[in-house]
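A look at the structure
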Amino acid sequence: MSAEGLQITGLELEINGKEIIQGIDISLQPGKITGLAGESGSGKSMTGLAILGLLPEGSRTKGQIQFAGKNLLKNSEKEQNKLRGNKIAMVFQDPTASLHPMLTIGRQLTDHLRAHTGIGKKAALEKAVETLRLVQVPDPKTAIKKYPHQFSGGQLQRVAIAIAIICEPEILIADEPTTALDVTVQAGVLRLLKQLAEKLSLAVLLVTHDLGVMSSLAETIYVMRQGQIVESGPRYEVLRRPQHAYTRALVEALPNHEPFLAGAVAATATEVITVKQLSAGERGN
Ligand SMILES: Nc1ncnc2c1ncn2[C@@H]1O[C@H](COP(=O)(O)OP(=O)(O)O)[C@@H](O)[C@H]1O
Ligand SMILES: [Mg+2]
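This section reports on the structure supplied with the text. All figures in this text were calculated on a predicted structure; none of them were measured in a lab.

What follows is about the pattern of salt bridges. For the structure shown, the criterion picks out 8 salt bridges. Taking the shortest distance from any N to any O, the salt bridge between Lys122 and Glu126 comes out at 3.5 Å. Linking Lys122 with Glu126, this pair stays in helix H4 (residues 121–134), spanning 4 residues, or about one helical turn.

Okay, here's the thing in structure tokens:
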């Protein structure tokens, strides 16, 4: 597996003549979660879609998205189709959108895997079970025979994550992956993403409008506003010492921002990590 991750430099996007992204730089590292936060409409999803080569009609881009020695923005549709779902995977807000309601999840996992690799049916089924185990879906051997409607929202997002990772991608774009889920299961799905990033050396771009969601997960945070990165750096720096009024407002909107600004990071509603728990190196200067 490449140890290079993905680098966005000077990305600009115009859709039908309207400026949407105005020259952003973002770097994704293997094994790490990189957070992209910002208010609705700031261009977060478009950034993810640019990486996936799924921009809407009328889009024009400039700059570079470097992955595996190539600028993805220069890829043909065919080259991009080959990467998408394979080396570069995605998870969206609504897991049902990426699943077929009438097919068992075993079939969907194996179809997806077989579309991208030459693997045989039996081996594909074994890999499907193994991948469901990896995303901690209970009783994977029974689960592969079930249909999407037989799973809860949280379990279904785990299934969608299984489809995303079954081809062993290097990059995972997770766009608001827990926004549609019950609060009680959100933290579990986020923890899973963190574990998978580390275990599989995945470079994850976690897109969210919620800075709280990423404060316990992302080593590096980028804050986007109106198509620009207004702030970026190690989470400790960004959250503890927000430079911009906009980022400060985001931090202050965190439910537990006061203890955070005083020395503790408010993570999800159920998790609070203190600054002491962050590594010394991360503290920097
Ligand atoms: N299909 C589209 N055609 C033209 N403009 C779009 C389209 N989808 C989104 N936009 C615009 O692109 C901007 C960024 O949107 P988006 O990346 O979805 O924001 P975010 O994910 O941060 O909420 C918004 O101004 C939005 O109106
Ligand atoms: Mg979005």
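In the vicinity of ligand 1, the contacting residues are Ile15, Lys18, Ile20, Glu39, Ser40, Gly41, Ser42, Gly43, Lys44, Ser45, Met46 and Pro56. At a separation of 3.2 Å, an oxygen atom of ligand 1 approaches a polar backbone atom of Ser42. Contacts to ligand 1 include Ser45, whose side-chain N or O atom sits 2.9 Å from an oxygen atom. In isolation ligand 1 exposes 560 Å². Once the protein is present, 62% of that is buried. The greatest single-element share of the shell around ligand 1, amounting to 3 residues, is contributed by helix H1 (residues 44–52). Across the shell around ligand 1, the residue classes tally to 4 nonpolar, 5 polar and 3 charged.

Here we come to the side chain of Asn86. Position of Asn86 among the secondary structure elements: in the loop between helix H2 (77–83) and strand E6 (88–91). From its side chain, Asn86 meets the backbone oxygen of Lys82 in a polar contact 3.3 Å long.

With mixed pairing, the 6 strands of this open sheet are ordered in space as E6-E7-E8-E3-E9-E10. Here the strands that pair on one side only, and so sit at the sheet edges, are E6 and strand E10 (228–234). Averaged over all pairs of adjacent strands, the angle between strand axes in this sheet comes to 20 degrees, irrespective of strand direction. Of the strand pairs in this sheet, strand E3 (residues 33–38) and strand E9 (residues 220–225) are connected by 5 bridges, and their pairing is parallel. Pairing of Leu36 across the sheet is with Tyr222, part of E9. Against the sheet, helix H6 (residues 153–165) makes contact with E6 and strand E7 (171–175), and its axis sits at roughly 170 degrees relative to E6, the strand it touches most.

With that out of the way, let us pick up the sheet that holds strand E5 (residues 70–71). Spatially, the 4 strands line up as an open sheet ordered E2-E1-E4-E5, and their pairing is antiparallel. In this open sheet, the two strands that pair with only one neighbour each are strand E2 (18–28) and E5. Where strand E4 (residues 59–67) lies against E5, 2 bridges are found, and the strand directions are antiparallel. Bridge assignment links Gln66 to a residue of E5, and that residue is Asn71. Along the sheet face, H1 touches strand E1 (6–15), E2 and E4 and points at about 110 degrees away from the line of E1.

Moving on, we get to the environment of Leu113. Within the secondary structure, Leu113 sits in helix H3 (residues 105–116). With sequence-adjacent residues up to four places away left out, Leu113 is seen in contact with Ile119, Ala124, Lys127, Ile166 and Cys167.

Two numbers describe how H6 lies on helix H7 (residues 183–200): the axes approach to 10 Å, and their chain directions differ by 20 degrees. With respect to their mutual orientation, H6 and H7 come out roughly parallel. Both H6 and H7 take part in a crossing whose hand is right-handed. Here Gly154, Gln157, Arg158, Ile161 and Ile165 of H6 lie close against H7, whose contacting residues are Val185, Gly188, Val189, Leu192, Leu193, Leu196 and Leu200.

Rules behind the numbers
Residues numbered from 1 in each chain as written. Chains lettered and ligands numbered in written order. Predicted model: local features only at pLDDT ≥ 70, side-chain atom pairs only at ≥ 80, totals over all residues. Heavy atoms only, no water. Salt bridge = Lys/Arg side-chain N within 4 Å of Asp/Glu carboxyl O. Helix = DSSP H or I, 4+ residues; strand = E, 2+ residues; numbered from the N terminus. Near = heavy atom within 4 Å. Polar contact = N/O pair within 3.5 Å; in protein donor to acceptor, adjacent residues only side chain to side chain. Areas by Shrake-Rupley, 256 points an atom, 1.4 Å probe, with all protein chains shown as cover. Nonpolar A, V, L, I, M, F, W, Y, C, P; charged D, E, K, R; others polar. Pairing = 2+ DSSP bridges. Axes fitted to C-alpha atoms, helices over the stretch in contact; angles between N-to-C directions. Contact = heavy atoms within 4.5 Å. Parallel < 35°, antiparallel > 145°, perpendicular 65-115°, else oblique. Left-handed = near helix turned anticlockwise from the far one by under 90°.

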